[in-house]
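Examining the three-dimensional arrangement
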Amino acid sequence: MKRRDFFRNAGIGSATLVSLPALAHALAIPESALSTLKPGEPPASPFVILLQGTYKPVRRCPDLGLFHVNVCDGFYLTTKIYPVFGPVKEDEEATIGNFYVAPGMGKPVAYDLPGGALTMIFTANNLSPVPDGHGGTFLVGTLELTITEATGVYDSFVSGHNKMVDILHRLADGTLVEHCYCVISRP
């Protein structure tokens, strides 16, 4: 399927899924979010990160300092986090952390970022399925999350919000490939 056909079939730019004004609003970031994080300093609010890559089972059990999530219970998958606006901006090509999710389990998610970690729970799911033409499915739209726990420089984000603007590709073999912008803000 050609890229333009995917976007046309997915309804991107129309009211059926993610409208361009809604996407622009979700990614509208104040100038203060463009600053680089200094050691021990909380990031600007909001800040934006990109979850990108193929999900893989958790192999190394990190100590995130979180109590509401156990990413080593055998259900969690992980993918990489890249900077967009916020925690670190020196090298946009380098990963800055890991994202952990247990798909379909209703469990909290975890973000391992420079200077701390975050636990979040999903509060709304506005994803719509779009066939990829090869036996797989794109899940396109937005997700809403509430921050339930934070460590380090992210302490002030507890009870804050995360709007995920997501294109999750479930390949025909079940592999999950993520491309998701997370707009994370304080309460």
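Fair warning: this is a prediction, and the values are worked out from it, not measured in the lab. (Residues numbered from 1 in each chain as written. Predicted model: local features only at pLDDT ≥ 70, side-chain atom pairs only at ≥ 80, totals over all residues. Heavy atoms only, no water.)

The strand order around the closed barrel formed by eight strands is β1-β2-β3-β4-β5-β6-β7-β8, and the pairing between neighbours is antiparallel. For this sheet the average axis-to-axis angle between neighbouring strands, irrespective of direction, equals 30°. Taken together, the 13 bridges between strand β5 (residues 116–131) and strand β6 (residues 137–150) define a ladder with antiparallel strand orientation. Directly across from L127, in β6, lies its bridge partner G141. (Pairing = 2+ DSSP bridges. Helix = DSSP H or I, 4+ residues; strand = E, 2+ residues; numbered from the N terminus. Axes fitted to C-alpha atoms, helices over the stretch in contact; angles between N-to-C directions.)

Once that is clear, we can look at the pattern of salt bridges. Inspection of the entire model under this criterion finds two salt bridges. Two residues, D73 and K107, come together in a salt bridge whose shortest N-O distance is 2.4 Å. With D73 in the loop between β1 (47–57) and β2 (77–85) and K107 in the loop between β3 (97–101) and β4 (109–113), the pair connects residues that are 34 residues apart, well separated along the chain. The salt bridge involving K163 is made with E144; its shortest N-O contact spans 2.6 Å. One end of the pair, K163, is in strand β7 (residues 161–170); the other, E144, is in strand β6, with 19 residues separating them in the sequence. Residue classification places K163 among the partly exposed positions, given a relative accessible area of 22%. (Salt bridge = Lys/Arg side-chain N within 4 Å of Asp/Glu carboxyl O. Buried < 20%, exposed > 50% of the residue type's maximum accessible area, 1.4 Å probe, protein only.)

Considering every residue of the protein chain, the mean pLDDT works out to 82; 74% of them sit at 70 or more. Low pLDDT, under 50, characterises residues 1–35; the predicted model gives this stretch 53 contacts beyond four residues in sequence or across chains. (pLDDT = per-residue confidence, 0-100. Contact = heavy atoms within 4.5 Å.)

A covalent bond bridging the sulfur atoms of two cysteines is what the word disulfide describes. By the definition in use, this model includes one disulfide. Here C61 engages in a disulfide with C72; their sulfurs sit 2.4 Å apart. Within this pair, whereas C61 is found in the loop between β1 and β2, its partner C72 is found in the loop between β1 and β2, the two being separated by eleven residues in sequence. The thiol of C182 is not disulfide-bonded; the next cysteine sulfur, from C180, is found 4.1 Å away. (Disulfide = S-S within 2.5 Å.)

When you line up the elements, T137 lands in strand β6. Along the backbone, T137 and H169 are 32 residues apart, and their C-alpha atoms lie at a distance of 5.9 Å. Ignoring anything within four residues of it in the chain, the contact list for T137 reads P129, V130, P131, D132, L168, H169 and R170.

Moving on, we get to the packing of aromatic side chains. Under the counting rule described, the total for this entry stands at five aromatic pairs. Joined through ring pairs, the aromatic side chains of F47, Y154 and F157 make up one cluster. (Phe/Tyr/Trp six-rings, centres within 6.5 Å; stacked < 30°, edge-to-face > 60°.)

As for its position among the elements, E178 is in strand β8 (residues 176–185). Although buried, E178 forms no salt bridge, and the nearest oppositely charged side chain, R170, lies 10 Å from it. Within the local environment of E178, its side chain forms a polar contact with the side chain of Y55, the two groups lying 2.7 Å apart. When neighbours within four sequence positions are excluded, E178 is seen to be in contact with L51, Q52, G53, Y55, T79, D166, I167 and L168. (Lys, Arg positive; Asp, Glu negative; His and termini not counted. Polar contact = N/O pair within 3.5 Å; in protein donor to acceptor, adjacent residues only side chain to side chain.)

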